[in-house]
Amino acid sequence: MIGLLGASLAVAQDFDFPGTRDGHPDLNGIWQTLSTANWNLEPHAASQGAIETLGTIGAVPPGLGVIVGAASGRDSSSRDSSGREGSTIPYLPAARAQRDQNFASRRTNDPEAKCFLPGVPRATYMPHPLQILQTDDDIMILYEYASAVRTVFMNEEVPAIAESWMGWSNGRWDGDTLVVDVTAQNGQTWLDRAGNYGSATMHVVERYTPLGPNHLQYEATIEDPNVYSRPWTISMPLYRRLEPNVQLLEFKCVEFAEELMYGHLSKGEGQ
Amino acid sequence: MTRLTLTSRLFVLGLIAAPLAAMAQNGKSDREVPRTAAGQPDLSGHWTSATIVPLERPVELGNKELYTQEEADKLLAESLVVTETEAGTAADVHYQLDDFGLDRSQNPIALNLRTSIITDPRNGRMPASTAAAKAAADARAARARERGFDSAQDRPLAERCIVWPNEGPPMLPVGYNSNLQIAQTDDYVVVLLEMIHDARVIPVDGRAGLPAGVPQWLGSSRGRWEGDTLVVETTNFTGRTGVRGGNVLSANARVTERLTRTRDDTVLYQFTVDDPETWTEPWSGEYPLTKIDGPMFEYACHEGNYGLANNLSGARAEERAAAEAAEKQ
């Protein structure tokens, strides 16, 4: 693999990864995950979707889940109630009930159905590409879904100026890993279409690590003492989109959510 | 309702368009501009498009392109005074503007001697619409009068939080939230408009534009460096985005933008709209973008769009009231 700037970086493994002028991995590119995480972060069998009239198109595809265990990464001492290594979300009891309630109302209450900004980490594993724009100072991450975007401050830690849908991101390099600390999310986002969620006190630490010339390992550790009994971590690869003409297109979904959100207010409806 | 003394809070940044235009000739700037490590002029940072210069020149000014400094000072003082509204009247029911950053006096403004943003045609006004564009604009206006409140889909694009005119292209200044952030790599220039959180991702790597049949709200933009000027050509419009005056950019419009960092605190923004389906001749304009401190806020327009729902339920309430009144007669 030739580095994009002619300077490829010998990361600790036996592959080359593009490098920047200042010696960090060059994460510039368009990336996408390939999993059913956005359907459900937890292991799940295939099931009927929320909208039966869509037939198979609306059905939930099966997946083994993306939760890898406790915050320490793969701490095998952390096992769920069935004795498996933690593969489900360690909800506090009241929070689990809220998740179940979210699930029951997902057809209308999932923020994705309403084209709301997705928050972090959900933005990463939605079924749409994202673009990492790594400049000489800060990093911008742009998501195709809903034109979501966030700046990752790299030069100095910048304190959050307000709560927001996409939160507030400060980044740093830990060797070849980009570590992003995300705070100040507004607690109105969900983590997937199954109603999994966090609150406004959620703290997310993301790690983007080169795994091969065209792969990053994406990890996010999620901590929220008001919702979970302990921090937990998801992990999945991000694949580089290799089509020569690949680019983010607009998925400005507001107009596709209007009938769902405002249809009852149209003339002649439900009066 | 009284407000704070406006002039005392006015930030006056930047200066004057005439020398900027001269500097931007042939993409040359007359002093060393900041550059990226790759040697490109560095456009990155936070900027504002806030201006008191109108898009179109007042008719009575004819071909007068620039104000004198005295005239400009007077206009600035006048234009930043918000009309007082009388307590107890409907006109007095509005946001406390200086609480929400909607008051122009709270924002840095790029001062500019120009009498209009439009520089061509020479009278500083938009050229005449084509007959077809006029007919289409009339039809849209009639439809809006007839059924403008029937459903969300009948409301204007900006009210629906789909796209705003400050996002362009051409990026035309609006009254408030005029902040934008430019981020730059060797291969891309991204222009992130704070309102309504849209990023224009502009490849500058020579790739072809999108194929026909893939319209985008903000068009398909491709950039290239001409000297020290970033030139951005945009096609693939939707044929639905409005431009002031009731017209829309046609799907076949071509917009050319030129961004030149003329000073440390200034990027000169110039544009040309070439849309023969809509206007009888191309039109061009320019204004300075002025450096501001970041960071920007997240402008989550749709997520907090109570106004749209309230407008619709208000219309339904009026219909119910009218129906009840008719029944009583």
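First, a word on scope: everything that follows refers to the structure included in this document. Nothing here was measured: the structure is a model prediction, and the numbers come from that model. (Residues numbered from 1 in each chain as written. Chains lettered and ligands numbered in written order. Predicted model: local features only at pLDDT ≥ 70, side-chain atom pairs only at ≥ 80, totals over all residues. Heavy atoms only, no water.)

1. With respect to the pairing of strand β8 (residues 168-174) of chain A
Residues and elements named next belong to chain A. The pairing of strand β7 (residues 149-153) with β8 spans 2 bridges and is parallel. Following the sheet pairing, F153 is matched in β8 by N170. Relative to strand β9 (residues 177-183), β8 is paired through 7 bridges, and the arrangement is antiparallel. Looking at the pairing, W173 lines up with L178 of β9. Between β8 and β9, which pair antiparallel and follow one another directly, the connecting turn spans 2 residues, one of which, G175, has a positive phi of 65 degrees. (Pairing = 2+ DSSP bridges. Helix = DSSP H or I, 4+ residues; strand = E, 2+ residues; numbered from the N terminus.)

2. Digging into a nonpolar patch on the surface
Together, I51(A), L54(A) and I57(A) make up an exposed nonpolar region whose accessible area comes to about 300 Å². Structurally, I57(A) is set in the loop between β3 (29-32) and β4 (67-70). (Patch = residues over 30% accessible without salt bridge, like charges linked within 9 Å, V, L, I, M, F, W, Y side chains within 5 Å. Areas by Shrake-Rupley, 256 points an atom, 1.4 Å probe, with all protein chains shown as cover. Salt bridge = Lys/Arg side-chain N within 4 Å of Asp/Glu carboxyl O.)

3. As for unusual backbone geometry
Geometrically, the link from D120(B) to P121(B) is a cis peptide bond, its omega value of 10 degrees lying close to zero. Relative to the assigned elements, P121(B) resides in the loop between β4 (118-120) and α4 (131-147). Of note, the amide linkage connecting G168(B) to P169(B) takes the cis form, showing an omega dihedral of -10 degrees. In this fold, P169(B) is placed in the loop between α4 and β5 (179-184). A positive phi is found at C115(A), a non-glycine position, where the angle reads about 65 degrees. On the secondary structure map, C115(A) appears in the loop between α2 (106-109) and α3 (122-125).

4. A word on the pairing of β3(A)
All names here are of chain A. The alternating pattern of β3 places G29 and W31 on one face and I30 and Q32 on the opposite face, and all of these are buried. Here β3 runs beside strand β5 (residues 130-134); their pairing, made up of 3 bridges, is antiparallel. Note that in β5 the partner of I30 across the bridge is Q131. Sheet topology places β3 next to strand β12 (residues 232-240); 2 bridges connect them, and they run antiparallel. Pairing of Q32 across the sheet is with Y239, part of β12. (Buried < 20%, exposed > 50% of the residue type's maximum accessible area, 1.4 Å probe, protein only.)

5. Quick notes on the state of the cysteines
Overall, the coordinates contain 2 disulfides over all chains when judged by the stated rule. There is a disulfide in this structure between C115(A) and C253(A), and the S-S distance comes to 2.1 Å. Classification of the bridge connecting C115(A) and C253(A) rests on its S-S torsion, roughly 80 degrees, and on that basis the disulfide is right-handed. On the criterion of sequence distance, the pair formed by C115(A) in the loop between α2 and α3 and C253(A) in the loop between β12 and α4 (254-262) is long-range, its members being 138 residues apart. Across the pair, exposure class does not vary: C115(A) and C253(A) are buried alike. Across the disulfide, C161(B) is cross-linked to C301(B) (sulfur-sulfur distance 2.0 Å). Residues C161(B) and C301(B) are joined by a disulfide whose S-S torsion is about -70 degrees; by sign, that bridge is left-handed. (Disulfide = S-S within 2.5 Å.)

6. Details of the side chain of D154(B)
Residue and element names in this part refer to chain B. For D154, the position within the fold is in the loop between α4 and β5. What makes D154 buried here is its relative accessible area of 15%. Among the polar contacts listed, one links the side chain of D154 to the side chain of R143, at a separation of 3.4 Å. A polar atom in the side chain of D154 sits 2.9 Å from the side chain of S151. Beyond its immediate stretch of four places on either side in the chain, D154 contacts R143, R147 and G148. (Polar contact = N/O pair within 3.5 Å; in protein donor to acceptor, adjacent residues only side chain to side chain. Contact = heavy atoms within 4.5 Å.)

Functional significance is not addressed by these values, which are geometric in nature.
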